[in-house]
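Examining the three-dimensional arrangement
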Amino acid sequence: MKTEIKLIKGDITNIKADAIVNAANTSLLGGGGVDGAIHRKGGIQILEECKAIRNRQGKCKTGDAVYTTAGLLPAKYVIHTVGPVWNGGGNDECELLASCYRNSLKIAENLGVKSIAFPNISTGIYHFPKERAAHIAIEIVKEFINKKQTNIEEIIFICFDEENYQIYESILGN
Ligand code: AR6
């Protein structure tokens, strides 16, 4: 079956996908933006599992991903990935952002989920240019769908801000 790409404007903490992705930081201990919203609404169990991961493997490197329960959220799992801080583009930011999407999809595939929702990783507090980030996100997702036999039926981009939504709409509409 062909995997569908969907675009939604809204808050990822309300999404009933099997897995939602969190734009975390290397500490895995929470922060602002979407990370703050997920931990606030998902409850303490998410943080407890993040701490257990840290005790096992230390911090999460930029571009890597790990997963926990989704606690009180409608999703089953939260995949925490660490996007790059935008620093002009000469520090592998594009490759690292691509790795976030690739590694999150790999985890979702291994978990056997049918649906996964992504926020616009790095485009908030980390200041990655939105248009470039959107092209990378969509390219990696399409590459994943085209290359692999996957169990994932639906990949959802959740845009919280209108600007990102417009950008995704124009790229996906073409
Ligand atoms: N649902 C979906 N998207 C959201 C939500 C939400 N509830 N809230 C914000 N966004 P950001 P980053 C969008 O700043 O740039 C944290 O402190 C937002 O509009 O959450 O990767 C972490 O701990 C933007 O498009 O993440 C890190 O320290 C996108 O999510 C740092 O911020 C990403 O914005 C990570 O920065």
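Located above this text is the structure these notes cover.
Quantities reported herein were computed from a predicted structural model and do not represent experimental measurements. (Residues numbered from 1 in each chain as written. Predicted model: local features only at pLDDT ≥ 70, side-chain atom pairs only at ≥ 80, totals over all residues. Heavy atoms only, no water.)

A separate point is the environment of S122. With respect to the element layout, S122 can be found in the loop between β5 (115-118) and α4 (130-147). For S122, a relative accessible area of 6% puts it in the buried group. Between the alpha carbons of S122 and L29 there is a distance of 17 Å; along the sequence they are 93 residues apart. In this structure, S122 is in contact with G83, P84, L97, H127 and F128, ignoring residues within four places of it in sequence. Engagement of the side chain of S122 in a polar contact is seen with the backbone oxygen of P84, the distance being 2.8 Å. (Helix = DSSP H or I, 4+ residues; strand = E, 2+ residues; numbered from the N terminus. Buried < 20%, exposed > 50% of the residue type's maximum accessible area, 1.4 Å probe, protein only. Contact = heavy atoms within 4.5 Å. Polar contact = N/O pair within 3.5 Å; in protein donor to acceptor, adjacent residues only side chain to side chain.)

We now examine the packing of helix α3 (residues 93-111) against α4. Packing of α3 against α4 brings their axes to within 9 Å, and their N-to-C directions diverge by 40°. The way α3 lies across α4 gives a crossing that is right-handed. Every residue of α4 that contacts α3 at C94, L97, A98, Y101, R102, L105 and E109 is listed here: R132, A133, I136, A137, I140, V141, E143 and F144. When the residues that make up the contact of α3 with α4 are grouped by side-chain class, the tally is 11 nonpolar, no polar and four charged. (Axes fitted to C-alpha atoms, helices over the stretch in contact; angles between N-to-C directions. Left-handed = near helix turned anticlockwise from the far one by under 90°. Nonpolar A, V, L, I, M, F, W, Y, C, P; charged D, E, K, R; others polar.)

Strand order in the open sheet formed by six strands is β1-β6-β5-β2-β4-β3, and the pairing between neighbours is mixed. Every interior strand has two partners, whereas the edge strands, β1 (4-9) and β3 (65-69), have only one. This sheet shows a mean twist of 25° between the axes of neighbouring strands, independent of strand direction. Two strands pair when backbone bridges link them, and strand β2 (residues 19-24) and strand β4 (residues 77-82) are joined in this way by six bridges, in the parallel orientation. By the bridge assignment for β4, I20 is matched with V78. In this fold helix α2 (residues 44-57) packs onto β3 and β4, with an angle of close to 140° to the strand it touches most, β3. Running at roughly 175° to strand β6 (residues 154-159), α4 makes contact with β1, β5 and β6 of the sheet. (Pairing = 2+ DSSP bridges.)

This part takes up helix α5 (residues 162-173). Here α5 spans 16 Å end to end across 12 residues, near enough to the 16 Å set by a 1.5 Å rise per residue. Restricting attention to buried positions, one finds in α5 the residues N164, Y165, I167, Y168 and I171. Buried residues of α5, viewed axially, fall in a sector of 165°; they line one side. Of the surrounding secondary structure, the elements contacted by the buried residues of α5 are β1, α3, α4 and β6. (Expected span 1.5 Å × (residues − 1). Arc of directions from axis to C-beta.)

Right, let's talk about unusual backbone geometry for a bit. Comment: phi is negative for the bulk of residues other than glycine, and the bulk of peptide bonds are trans. Non-glycine residue D92 carries a positive phi angle of around 65°. With a phi angle near 75°, S122 is a residue other than glycine that sits in the positive phi range.

For β2, a buried count of five out of six residues is recorded, marking the element as mostly surrounded by other parts of the structure. The pairing of β2 with β5 spans two bridges and is classified as parallel. Bridging from a neighbouring strand, A19 pairs with I116 of β5.

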